[in-house]
Amino acid sequence: MKNRLKRLNKIQIISLILLTITYILRIFNVLTDNIYFTTPLLLSTLGLIKFMAKWSNEGKTWFKKMDKNYNKNFTRKPSDALFFLVVAYVVVVAGIYVTNIFVENYLTESLFALYLLTIVYNYMALVLVDKTSEDVVKFIDESGKGKVERKKKNGK
């Protein structure tokens, strides 16, 4: 779990902390304006986009045949899944904000859903990246491919 949390970027950590504080203050009616909840939510969206940009790069497995051919690329499917996860998150959040224009107090009524959605999407992104990383390391260790290149790269 510790390794998984190290993958979060600073924007994600700050936005999740601010989102939690804002939600708690919202429950106790200390903050009544939606802008205080919107700012950490937008930061969370930016954090997820940066997370996707960092971790969805096509990873190297050090298996030359697999890395050269896009269709056989080991990390292509998880990278695509992470992209669609972030796009779905942005579409849902934007949909709630657009619905708020037409339905009065819709955003206020759906704050818990947005809070929970943000936590779930961040967790799902972490699990996806962590599982992909473990699969690549397992593949390299089991196949024996790339160990020599990895040792040269790490200086061992």
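Residues numbered from 1 in each chain as written. Predicted model: local features only at pLDDT ≥ 70, side-chain atom pairs only at ≥ 80, totals over all residues. Heavy atoms only, no water.

Take the overall build of the protein chain next. A count of helical and extended segments in the protein chain gives eight helices and zero strands. In the protein chain, buried positions account for 35% of the 156 residues. Summarising the internal contacts of the protein chain: among those between residues at least 6 apart in sequence, 70% fall at separations of at least 24. As presented, the protein chain carries roughly 10100 Å² of accessible surface, and 64% of it is formed by carbon and sulfur atoms. (Helix = DSSP H or I, 4+ residues; strand = E, 2+ residues; numbered from the N terminus. Buried < 20%, exposed > 50% of the residue type's maximum accessible area, 1.4 Å probe, protein only. Contact = heavy atoms within 4.5 Å. Areas by Shrake-Rupley, 256 points an atom, 1.4 Å probe, with all protein chains shown as cover.)

A contiguous nonpolar patch, built from Val98, Ile101, Phe102, Val103 and Tyr106 and spanning about 520 Å² of accessible area, is present on the exposed surface. Counting residues per element, the nonpolar patch draws most heavily on helix α5 (residues 76–102), which supplies three residues. Among the structural elements, Ile101 can be located in helix α5. (Patch = residues over 30% accessible without salt bridge, like charges linked within 9 Å, V, L, I, M, F, W, Y side chains within 5 Å. Salt bridge = Lys/Arg side-chain N within 4 Å of Asp/Glu carboxyl O.)

A few words now on the environment of Val86. Within the secondary structure, Val86 is located in helix α5. A relative accessible area of 4% places Val86 in the buried class. With near-sequence residues (within four places) excluded, Val86 lies in contact with Leu48, Ile49 and Met52.

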